[in-house]
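# Residue-level structure breakdown
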Amino acid sequence: MLEDVCVGCKVCTIACPFGTVNYVADTGKVQKCDLCGGEPACAEACPTGAITYIDASWTGLSRMQQWADKLGNQNAAA
Ligand code: SF4
Ligand code: SF4
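What comes next concerns the included structure. (Residues numbered from 1 in each chain as written. Chains lettered and ligands numbered in written order. Predicted model: local features only at pLDDT ≥ 70, side-chain atom pairs only at ≥ 80, totals over all residues. Heavy atoms only, no water.)

### So, the layout of surface pockets
Selection criterion: A cavity here means a set of points on a 1 Å grid, drawn over the protein atoms and nothing else, where a 1.4 Å probe fits but cannot get out; a pocket is an open set with protein on both sides within 12 Å along at least five of seven lines, and a residue lines either one if it has an atom within 4 Å of a point. Grid points are joined across faces, edges and corners, and a volume is the space filled by probe spheres set on the points. Note on residue categories: nonpolar means Ala, Val, Leu, Ile, Met, Phe, Trp, Tyr, Cys or Pro, charged means Asp, Glu, Lys or Arg, and polar means any other residue, Gly included.
Its boundaries defined by the atoms lining it, the largest pocket holds a volume of some 350 Å³. A breakdown of the residues in the lining of the largest pocket according to their chemical character gives 14 nonpolar, 3 polar and 2 charged.

### Thoughts on the site of ligand 1
This is how the line gets drawn: Whether a residue is near a molecule or strand depends on its heavy atoms: if one lies within 4 Å, it is near. Should more than half of a molecule's atoms lie within 2 Å of a pocket's or cavity's grid points, that molecule is taken to sit in it.
In the vicinity of ligand 1, the contacting residues are Cys16, Pro17, Phe18, Thr20, Val21, Lys32, Cys33, Leu35, Cys36, Pro40, Ala41 and Cys42. Here ligand 1 occupies the largest pocket. Of the residues in the shell around ligand 1, the class split is 10 nonpolar, 1 polar and 1 charged.

### Structural notes on the site of ligand 2
As a matter of local geometry, ligand 2 sits amid 14 residues, with Cys6, Cys9, Lys10, Cys12 and Cys46 nearest to it. Because more than half of its atoms lie within 2 Å of the grid, ligand 2 is assigned to the largest cavity. For the shell around ligand 2, the per-class residue count stands at 11 nonpolar, 2 polar and 1 charged.

### Re empty space enclosed by the protein
In the structure shown here, the tally under the stated rule is 1 cavity of 30 Å³ or more. Considered as a void within the structure, the largest cavity measures approximately 80 Å³ in volume. Along its surface, the largest cavity is lined by 14 residues, and Cys6, Cys9, Cys12, Cys46 and Ala50 are the ones closest to its centre. For the lining of the largest cavity, the per-class residue count stands at 11 nonpolar, 2 polar and 1 charged.

### Points about the pattern of salt bridges
The following threshold applies: The term salt bridge refers to a pairing of a side-chain nitrogen on Lys or Arg with a carboxyl oxygen on Asp or Glu at a separation within 4 Å.
Applying the stated rule across the entire model yields 1 salt bridge. Between Asp34 and Lys32 there is a salt bridge, with its nearest N and O atoms 3.7 Å apart.

Right, here's the structure in full:
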């Protein structure tokens, strides 16, 4: 979610079938979850492109977690 691109229109709060997008009055932006895979309704509805779906495996998240575990173990052993 790109906070700079969000204009606070709240369209995504209506589109989400689970009601998990919350408007934050202090920032004038929304906070949302990452529950849906594929094509989340919030991302489809957003007129500014502030919400985009990225597959966690595509980002290499699992490999980063493996490295973090490895480094954590090394530090613990030191
Ligand atoms: S990812 Fe799914 S559940 Fe989460 S805010 Fe978007 S539409 Fe709602
Ligand atoms: S639909 Fe997009 S621009 Fe509108 S509040 Fe949601 S994230 Fe922000």
